[in-house]
Amino acid sequence: MTWDRVRGHDPARQQLLAAHRRGRLGHAYLFVGPDGVGKRRFATEFAKALLCENPPADLTACDRCPACAQVAAETHPDFSVVRTPDDKLELPVDTARELVANLALRPVRGGRKVTLVIDADDFNEESANCLLKTLEEPPAGAVLILLATSAERQLATILSRCQVVRFHPLGPADLKLVLLDNGVTDPATLDRLVRLSGGSAGRALALADDAVWQFRQTLLTAVGSTRPDPVGLAAKVIEFVESAGKDSPAQRARASLAIHLLTDLLRTAVRLSLGSEVPGLDAAERGKLQAVAAVGPDAIAVMLEACTEADGYVERRVQLAILIEQLADRVCRR
Ligand SMILES: [Zn+2]
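Values in this document were obtained by computation on a predicted structure and should not be read as measured data. (Residues numbered from 1 in each chain as written. Predicted model: local features only at pLDDT ≥ 70, side-chain atom pairs only at ≥ 80, totals over all residues.)

A.B. asks: When you look at helix α7 (residues 172-181) in this model, what are you seeing that I'm missing?
C.D. replies: At 3.6 residues per turn, the α-helix brings residues three or four places apart onto the same side. Where α7 is concerned, the buried positions are Asp174, Leu175, Val178 and Leu179. Looking straight down α7, one finds that the buried residues subtend no more than 140 degrees of arc, so they occupy a single side. Exposed residues on α7 whose side chains face more than 90 degrees from its buried face are Ala173 and Leu180. A positive backbone phi angle near 85 degrees is found at Gly183, which sits one or two residues after α7. (Buried ≥ 20, exposed ≤ 12 C-beta atoms within 10 Å, placed from the backbone. Helix = DSSP H or I, 4+ residues; strand = E, 2+ residues; numbered from the N terminus. Arc of directions from axis to C-beta.)

Written out as structure tokens, the structure reads:
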């Protein structure tokens, strides 16, 4: 049962299953939800279920036939995955044209053709317009799945022609299952990761990485110092971001992770500064966060605003080093 590996998102699955049973499966779906909650994995299972040669149940893949294996490996001739190129800010019109041309071809295996667009947030007017005709008069058997972080960011051209399936942050129980699936078994670590992940399995798994956890300690020491050093802090964050490799999406993901770690530390400091009880902190952590808390909730709120702003810019692909230096400067102001 391959859906078992999708944790959470039962309403989304029921929505698709009900449509399938009525013979009313759509030809264009917009999967909307925050990063790291499992939209991509869900979409892959959906594609597998659509292309499986031997489905054991309604809209369920067998996970054994060649088609299932090929979808998982992204080598199935009737399954394509479209991404925004690393060096581009938007989904280029050429990529959209290629997608449309490919979807118009008859399925090689005679069934359906499924196209998954990973970065639907990146459509611009021109590339979205390319899809217009495909969305209005879809080729027989074509299914287009678009992944996006918010419906509000989508152009009306796309939004009005797709069926929207909503994905929500995962609850603690589902998050724990994802972590267990990935070999995290220590109960204290599980609790800590669930607490820090904000319902994103992607973030929880990133934090399960020792290097990331060490970086969190580095951040804590830097901001919790009595005289924080913006230059030193920026250097450490940049080093962490660049350790993701040369690949720009990986660096952006790291930068976003660093900002979320910082946000989480600052939020905890706000709670301490307001005198709230914060369970699960060890003495060293509490001491450093008290030093931040001492600047008062209003000053920390300003730092949190800087984090939110910076996170928005990460997605807009500005120069990461400059962004990080500015953020470090605002967070270290006392
Ligand atoms: Zn199969």
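A.B. asks: I keep staring at the nonpolar core and nothing clicks. Help me out?
C.D. replies: Where a protein is soluble and globular, its nonpolar side chains tend to be buried together. Ranked by internal contacts, the top residues of the largest apolar core, which has 93 residues, are Phe31, Ile145 and Leu146. Shared between two domains, this core takes at least three residues from each, and those domains are domain 1 (2-166) and domain 2 (209-332). Setting aside residues up to four positions removed in sequence, Phe31 forms contacts with Lys39, Ala43, Ile145, Leu146, Leu147, Ala148, Val165 and Phe167. (Core = buried A, V, L, I, M, F, W, Y, C linked by C-beta atoms within 7 Å. Domains from an automatic or database assignment. Contact = placed C-beta atoms within 7 Å.)

A.B. asks: It is not clear to me how helix α2 (residues 39-51) should be interpreted in this structure. Could you clarify?
C.D. replies: The end-to-end C-alpha separation of α2 is 18 Å, in line with the 18 Å expected for 13 residues at 1.5 Å each. Taking burial as the measure, the 13 residues of α2 include 11 buried ones, the bulk of the element. As for α2, its buried residues are in contact with α1 (10-21), β1 (28-32), α3 (66-72), β2 (79-82), β3 (113-117) and β4 (142-148). (Expected span 1.5 Å × (residues − 1).)

A.B. asks: Looking at this structure, how should I read the sheet that holds strand β5 (residues 163-166)?
C.D. replies: Backbone hydrogen bonds hold the strands of a sheet together, and the pairing may be parallel or antiparallel. Strand order in the open sheet made by the five strands is β2-β3-β4-β1-β5, with parallel pairing throughout. Of all strands in the sheet, those bounded by a partner on one side alone are β2 and β5. Mean inter-strand twist for the sheet, computed between neighbouring axes without regard to direction, equals 20 degrees. Where β3 and β4 come together, five bridges link them in parallel fashion. (Pairing = 2+ DSSP bridges. Axes fitted to C-alpha atoms, helices over the stretch in contact; angles between N-to-C directions.)

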